[in-house]
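This is what each chain is made of:
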There are 2 protein chains.
Amino acid sequence: MLRITKMTDYAVLILANLALHDKKFLTAKEIASETHISLPTSQKILKKLNRNNLVISKQGASGGYALEDDTKNISVAALLKTLNGDLSITQCSSNDHQCQVEDFCNIGDAWQMINQRVQWALNDITLGDLIHPTRIEQFISTNIPVTRNH
Amino acid sequence: MLRITKMTDYAVLILANLALHDKKFLTAKEIASETHISLPTSQKILKKLNRNNLVISKQGASGGYALEDDTKNISVAALLKTLNGDLSITQCSSNDHQCQVEDFCNIGDAWQMINQRVQWALNDITLGDLIHPTRIEQFISTNIPVTRNH
DNA sequence: ATCATATCGTACTAAAATAGTACTATTTAA
DNA sequence: TTAAATAGTACTATTTTAGTACGATATGAT
Ligand code: FES
Ligand code: FES
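Residues numbered from 1 in each chain as written. Chains lettered and ligands numbered in written order. Predicted model: local features only at pLDDT ≥ 70, side-chain atom pairs only at ≥ 80, totals over all residues. Heavy atoms only, no water.

A. Here's a closer look at the overall build of chain A. Scanning chain A from terminus to terminus reveals 7 helices and 2 strands. Put simply, chain A runs from its N terminus to its C terminus through helices and strands in the order α-α-α-β-β-α-α-α-α. Evaluated residue by residue, chain A yields a buried proportion of 47% over its 150 residues. Sequence separation of at least 24 residues holds for 59% of the intrachain contacts in chain A that already meet a minimum separation of 6. (Helix = DSSP H or I, 4+ residues; strand = E, 2+ residues; numbered from the N terminus. Buried < 20%, exposed > 50% of the residue type's maximum accessible area, 1.4 Å probe, protein only. Contact = heavy atoms within 4.5 Å.)

Written out as structure tokens, the structure reads:
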């Protein structure tokens, strides 16, 4: 499908939300309420983000989550890789040899090339770019005119 | 996940195989045998490829499939779009408004930008580029599976 | 005309990945 | 001590993807 999962989508949304309240600790409940993502799902994602050092957490009363210092500078490529484990769009080219026809396949190099291209495309956009609309406008205007359907 | 499906993978493999036997009609059975994809699955994919005008078909005895004339010139972007229906990596930015938090999401533009970049990366690679002539020569002359590098 | 062969359409089942939830334990400030 | 919050984990449900089956139709050869 060539899709990122909803979970990753939510994760970025949450990160963006945390970035809005700079440095302040927000509880999972607050975040769920602001993003309109269900509480259990928010909690699940926040735990994952924490384990991957994208957010810092404070346990106990008046605890919560806040953005890790350098999270804003992480590239989208690295972000997706962190959240999904892998950034190769083909199963064939990932580390775990799963494709059953792999031994008879002669186009593996091609997929490899495509993976590289996609990775390049995602490498020099940071989470910070995703969050600041002005920078996004810059990106869009300097590259390709974008028509929104969203 | 940011992955193309196995089916798409198989499809490209089949297209590459058809390209090897230029213009000649191959039966689904032959293709299944050569690619080591199971016959029913091969048939399923070939039907889809035919419906999308990527291969031409001939029914009846001594029928089969062959590559459509201009299929080699189709871009990978267009190819994936044809096979998957859509090339946007985010559910949020696709045509069917499915994301439940869409109305509260303020990062839609960002995903749109990323989609654009990925699309851009895949736009000027053609199916023909996927098929390395040198590797194909090797494949033909030795008739031995080419060693993969992953 | 008949037959063997092959595609066409569609419907179905199975497997895997994703999404979402629940529960207990631990931490911490008041 | 207590209330409020995160941490870990295990579980179920849903959705998507993969794979199969079968009757109908077309076509070339005998
Ligand atoms: S290795 Fe899976 S199709 Fe090439
Ligand atoms: S519309 Fe789904 S997270 Fe933005």
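B. Molecular detail of the packing of helix α1 (residues 6–20) of chain A against helix α3 (residues 39–51) of chain A. All names here are of chain A. At a minimum axis separation of 10 Å, α1 and α3 run at an interaxial angle of 80°. Here α3 runs roughly perpendicular to α1, going by the angle between their axes. Along the contact surface, α1 presents Met7, Tyr10, Ala11, Ile14, Leu15 and Leu18, while α3 presents Thr41, Ser42, Ile45, Leu46 and Leu49. Counted by class, the contact of α1 with α3 contains 9 nonpolar, 2 polar and no charged residues. (Axes fitted to C-alpha atoms, helices over the stretch in contact; angles between N-to-C directions. Parallel < 35°, antiparallel > 145°, perpendicular 65-115°, else oblique. Nonpolar A, V, L, I, M, F, W, Y, C, P; charged D, E, K, R; others polar.)

C. Region of the structure containing the packing of helix α2 (residues 28–35) of chain A against α3 of chain A. Residues and elements named next belong to chain A. Running from amino to carboxyl end, α2 crosses α3 at an angle of 115°, the nearest separation of the two axes being 9 Å. The hand of the α2/α3 crossing is right-handed. Within the contact between the two elements, α2 uses Ala28, Lys29, Ile31, Ala32 and Thr35 and α3 uses Leu39, Ser42, Gln43 and Leu46. Residues that form the contact of α2 with α3 fall into these classes: 5 nonpolar, 3 polar and 1 charged. (Left-handed = near helix turned anticlockwise from the far one by under 90°.)

D. View of the domain arrangement of chain A. Residue and element names in this part refer to chain A. According to the domain assignment, chain A contains domain 1 (6–67) and domain 2 (72–139). Taken together, the contact pairs 12 residues of domain 1 with 10 residues of domain 2. Taken as a group, Thr8, Val12 and Leu54 account for 42% of the area that domain 1 buries against domain 2, more than any other trio of residues on that side. Our count for the domain 1 to domain 2 interface comes out at 0 salt bridges. Where domain 1 meets domain 2, there are 1 residue pair in polar contact (both at pLDDT 80 or more). Secondary structure elements with two or more residues in the side of domain 1 that touches domain 2: α1 and α3. Among the elements that take part in the side of domain 1 that touches domain 2, α1 stands out by supplying 6 residues, more than any other. Tallied by class, residues from the side of domain 1 that touches domain 2 come to 8 nonpolar, 2 polar and 2 charged. (Domains from an automatic or database assignment. Buried area = accessible area lost by both parts, 1.4 Å probe. Salt bridge = Lys/Arg side-chain N within 4 Å of Asp/Glu carboxyl O. Polar contact = N/O pair within 3.5 Å; in protein donor to acceptor, adjacent residues only side chain to side chain.)

E. Highlighting the pairing of strand β2 (residues 64–67) of chain B. Burial along β2 of chain B is two-sided: the face carrying Gly64 and Ala66 of chain B and the face carrying Tyr65 and Leu67 of chain B are both buried. Taking the residues that link successive antiparallel strands as the turn, the strand β1 (residues 55–58) of chain B-β2 of chain B hairpin has 5 residues, and the phi of Gly60 of chain B there is positive, at about 75°. (Pairing = 2+ DSSP bridges.)

F. Broad picture of the environment of Leu13 of chain A. Its place among the elements puts Leu13 of chain A in helix α1. Each C-alpha atom, one on Leu13 of chain A and one on Asn52 of chain A, is 16 Å from the other, the two residues being 39 residues apart in sequence.

G. Quick peek at the side chain of Thr8 of chain B. Residues and elements named next belong to chain B. By the secondary structure assignment, Thr8 is in helix α1 (residues 6–20). According to the relative accessible area criterion, Thr8 is buried, its value standing at 4%. Ignoring any residue separated from it by four or fewer positions in sequence, one finds Thr8 in contact with Leu80, Leu83 and Asn84.

H. Structural view of a positive patch on the surface. Residue and element names in this part refer to chain A. The grouping of Lys44, Lys47, Lys48 and Arg51 at the surface amounts to a positive patch. Along the chain, Lys47 turns up in helix α3. Judged by relative accessible area, Lys47 falls into the partly exposed class, the value being 46%. (Patch = residues over 30% accessible without salt bridge, like charges linked within 9 Å, V, L, I, M, F, W, Y side chains within 5 Å. Areas by Shrake-Rupley, 256 points an atom, 1.4 Å probe, with all protein chains shown as cover. Lys, Arg positive; Asp, Glu negative; His and termini not counted. Charge placed at Lys NZ, Arg CZ, Asp CG, Glu CD.)

I. A look at helix α2 (residues 28–35) of chain B. Residues and elements named next belong to chain B. Where α2 is concerned, the buried positions are Ala28, Ile31, Ala32 and Thr35. For α2, the buried positions fall inside an angular range of 100° around the axis, keeping them on one side. Away from the buried face of α2 by more than 90 degrees, exposed residues Lys29 and Ser33 are located. Summarising the contacts, the buried residues of α2 are in contact with α1, α3 (39–51) and β2. (Arc of directions from axis to C-beta.)

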